[in-house]
Amino acid sequence: PLVRQGAPSGRRLFFFGSGPAACPPLPPDGVRELLAGHPAVADSRLVGDFVYVVREGTQDASKGPSLLGGASVQEWELKEFLTVKMVKQGFAPNCIPAVRFIDALPCTTVPFTILHVFDALFSEVDRGRTGKISFQEFTDFCRERDLFSSTASEAHDVFFSSVSRPSTSCYLFGNNNDMFQTQDFEVSKNELKFYEFQKLLTESGIIELTSLPDQGGVQAPRASYFVDERVVDVVLRRWFSTYDADADGLLHFDEYTRMVADYKLNFAVCQEAFRRLDKKGLGGLDLDEFRALLEEADILQTGSSVHKDDEIGKLWREIEETQTFLPPSRVVVADARKGVAPPRPEGALRFVCISDTHGAHRQLSSRMPAGDVLLHAGDFSMAGGLEEVVDFGRWLSSLPYAHKIVIAGNHDLSFDKSYGGHHAKGGDTDAKAVRAAFAAACGEGAGVVYLEDQEHTLEGIRIYGSPWQPEFGYWAFNLPRGAALAEKWGAIPEGIDILMVHGPALGRGDAVLPSLKHVGCADLLNEIQARIRPKFLVCGHMHEGAGVTFDGTTHFVNACSLDEQYDLVYMPLVFDFPIPGGARKS
C-alpha cells in the first residue's frame, strides 16, 4: 500500500489496487470513525472481513421492538455509506468490509470473542457462502447435529419464528390446532441473516457469554463461553486456528504463552507446566488437549442447552406429568370481519378478550366482535406515555361494549406508582398525571373499570384483576419469584370466576421461541389449581404463547393480539359465561 499524499495529519490513508489480493488489513479505528458519522450507528467494531454494528436506539422502548432491534437502517445502507466514505479516501470498493448487526459488542479485546463464535457457526451453516442461511441449510445442519429435534417439525418452527412474522400459535399448539388459522411463508423466500441467526443461538441457549468477575483475590479469565456440546467442535476448530499460527495442528509453547496472556489465565508460563498439559507427548497441544485447557481455565463450558435450564425449567419438568391438557371447549377465535363467532346463549354474558396491543388498538377496531364485556389483560401501551394512554382511553370509550375491564402490564409504566426504572421519561410517565388523563379520556358512563389487585362483580360474575408478573427486565409491576409474588396470588379470593393477570401461569401459554422454555409463574399455577379454581384465566405478556389450554377446570386464555415481532396477527378470543340464576338482569 502507498500512503496518499496530502492525507490529514495523524491519519494514514491507503490506496489499494483493484484485485482482492491488494487489500491489506483495514484500519479498525478508521472504519469505526467513519461509521460514527452515521446517525443510526451507536458503535461498531471491525473483526476480520466484517464490521459489526450496534444501532442507535435499539434500547428505546418507546419506539417498540422490531426484527432488527429497533433501528430501521439496513445492512446494505451502511455498506453504501461506508463505501462512499472509504472510496473518497482512496480505498478500493472491493476492500470495503461487509456489515453485520449485533445487539452489543464484546467488552473484552481478546483475539477470539463471542463474535468469532457466532461467525464460526454461521459460516458452518452457510454452506452456499451467500451471507445468508437458507431453510434447507438450516434444517440439514439441525439434522446432522441433532438440534431442535424434539418433534418432527421443531427445526422448521424455529427457523420460521426467527425470520419473523408467521403465527407462532401453530408452533406452540401444533399445526393442526392453529386456532388463529395463519399461514407460513413460502420456504424458498426465507433466509436467516447473521443478526437473526445469532439471536436464535443465544435465545435457544446454544451459545452464552459469561463475564466472570474477580473472586477471592484470584483473577478470573477475561471471557467465558458456554457452547452446546453438539456444536462445540465447530467453535473449537476456529478458536484453535486463531492460535495455531503455523497451521500444523499443534499449539506450541509460544502460542500457549500468548493465549495465557490474552485471557489472563492463572496458568504457569514455563516449559515444565506446558509439558504437563501435553499429555500425548506430541511437542504441542492438539485439539483435544486445547479443549481440556479451555475447560480447566473456565473459559469454555459445554453441555446440552436442553438441560441448561434455570430453576423454572427444572420445576416444569418435575410437574409436567401432573398437568392435564384437554381440548379447549368454551373459547373461540372471533374476527368481526368474518363473523365467525357462534350465537351467544340465552342467559349468558359474552366476554371478548384481548391483550398486549401496545398502541396498535385502533388496528383492531374492525376486527372486534360483538359482545357484552371487553377484557384487556395489559400492555395497552409501549411505555405508558401520556399520549398513547390517552388514545387508548378514547378508543375504549368508543367501543360498543357495555363493560370494559382493564388491567395494566409491564409496559404500562405510568400505572405502576412505584416504578423508577430507566424506561420512564420524566413527566410523560408520571403515574398520577397519566392515570388522571386516562380516566378523563375514558369518560363517565363508558363502562371502563381498571383493576389493580381488586375484585369487580358483574351480574353475579366475580372478576379479579392483578398486573404483577415475575421480574422481566427493568419494566413495571415486576416482583421477584417466591414470597413476594406468592403474597399477591394468596390475596386473590377463592371462588373467583374470571381471573385477569398480565403474566401467564407456568406451562400455560408461557413458552418463548425459539427455545420453547417456560417462563410463567409456578406459584400462580399452584394457587389457580389448588385454591382459586376460576373458570377462566385471561392473561397476555408472552406474545408467542397466544392461544388457549384447558386443564379440565380452568381455561387458560393467553389473549395477546401482537406476535413476538409486534405484528397484529391474533384475533380476539371469546367465551360466554352463564349469569348466575340463568336470566339476564340487564
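In case you missed it, the structure is sitting above this.
The residue numbering used here restarts from 1 in each chain and proceeds along that chain's sequence as written. Whole-chain, interface and lining totals are the exception, using all residues; otherwise, since this is a predicted model, local features are given only for residues with pLDDT of at least 70 and side-chain atom pairs are given and counted only at 80 or more. Computation of side-chain values: all heavy atoms of the structure, hydrogens and water removed.

A. Quick look at the nonpolar core. Throughout, nonpolar core names a set of buried Ala, Val, Leu, Ile, Met, Phe, Trp, Tyr and Cys residues whose side chains join them through atoms within 4.5 Å. Each residue is placed in one exposure class: buried if its accessible area under a 1.4 Å probe, protein chains only, is under 20% of its type's maximum, exposed if it is over 50%, and partly exposed if it falls in between. The biggest cluster of nonpolar side chains holds 61 residues, and the ones touching the most others in it are Leu-121, Phe-138, Phe-148, Ile-207, Trp-239, Tyr-263 and Ile-299. Here a strand is any run of E in DSSP of at least two residues, a helix any run of H or I of at least four, and the numbering for each starts at the N terminus. No other element matches the eight residues that helix H3 (residues 114–125) contributes to this core. If you look at the next biggest cluster of nonpolar residues, it comprises 51 residues, including Met-368, Phe-415, Cys-442 and Cys-521.

B. Seen up close, the packing of helix H8 (residues 232–243) against helix H9 (residues 253–263). Where H8 meets H9, the axes come as close as 9 Å, and the angle between the chain directions of the two elements is 110°. Classified by the angle between their axes, H8 and H9 sit roughly perpendicular to one another. Every residue of H9 that contacts H8 at Trp-239, Thr-242 and Tyr-243 is listed here: Glu-255, Arg-258, Met-259, Asp-262 and Tyr-263. All amino acids are sorted into three groups, where Ala, Val, Leu, Ile, Met, Phe, Trp, Tyr, Cys and Pro are nonpolar, Asp, Glu, Lys and Arg are charged, and the leftover types, Gly among them, are polar. Within the contact of H8 with H9, the residues separate by chemical class into four nonpolar, one polar and three charged. Orientation is described by axes fitted as lines to C-alpha atoms, over the contacting stretch for helices, and by angles from 0 to 180 degrees between their N-to-C directions. In what follows, roughly perpendicular refers to angles from 65 to 115 degrees, roughly parallel to angles under 35, roughly antiparallel to angles over 145, and oblique to any angle outside these ranges. Contacts are assigned to residue pairs with any non-hydrogen atoms lying within 4.5 Å of each other.

C. Region of interest: the environment of Phe-438. Relative to the elements of secondary structure, Phe-438 occurs in helix H14 (residues 431–442). Relative accessible area serves as the criterion here: at 6%, Phe-438 is assigned to the buried category. The spatial distance from the C-alpha of Phe-438 to the C-alpha of Glu-388 is 9.6 Å, given a sequence separation of 50 residues.

D. Representation of helix H13 (residues 386–398) in the model. To estimate how far a helix should extend, the number of its residues minus one is multiplied by 1.5 Å. Between the first and last C-alpha of H13 there are 19 Å, a value that for 13 residues agrees with the 18 Å anticipated at 1.5 Å per step. Taken together, the buried positions of H13 are Val-389, Val-390, Phe-392, Gly-393, Trp-395 and Leu-396. Close packing links the buried residues of H13 with strand E12 (348–354), strand E13 (373–376), strand E14 (403–406), H14 and strand E15 (448–450).

E. How the structure looks around the sheet that holds E14. Spatial strand order, E11-E26-E12-E13-E14-E15: six strands in an open sheet with mixed pairing. Every other strand in the sheet has two partners, leaving strand E11 (332–333) and E15 as the edge strands with one partner each. With three bridges joining them, E14 and E15 adopt parallel strand pairing. From the neighbouring strand, Ile-405 faces E15, where its bridge partner is Val-449. In the packing of H13 onto the sheet, the strands contacted are E12, E13, E14 and E15, and the crossing angle to E14 comes to about 150°. We call two strands paired when DSSP finds no fewer than two bridges between them.

F. The pattern of salt bridges, seen in detail. A side-chain nitrogen of Lys or Arg and a carboxyl oxygen of Asp or Glu constitute a salt bridge if their distance falls within 4 Å. Tallied over the entire structure, the rule returns 26 salt bridges. Measuring nitrogen to oxygen at the nearest pair gives 2.7 Å for the salt bridge that ties Arg-238 to Asp-119. Of this pair, Arg-238 sits in helix H8 while Asp-119 sits in helix H3, and the two are 119 residues apart along the sequence. Among the residues examined, Arg-238 registers a relative accessible area of 27% and is labelled partly exposed. For Asp-119, a relative accessible area of 11% gives the class buried.

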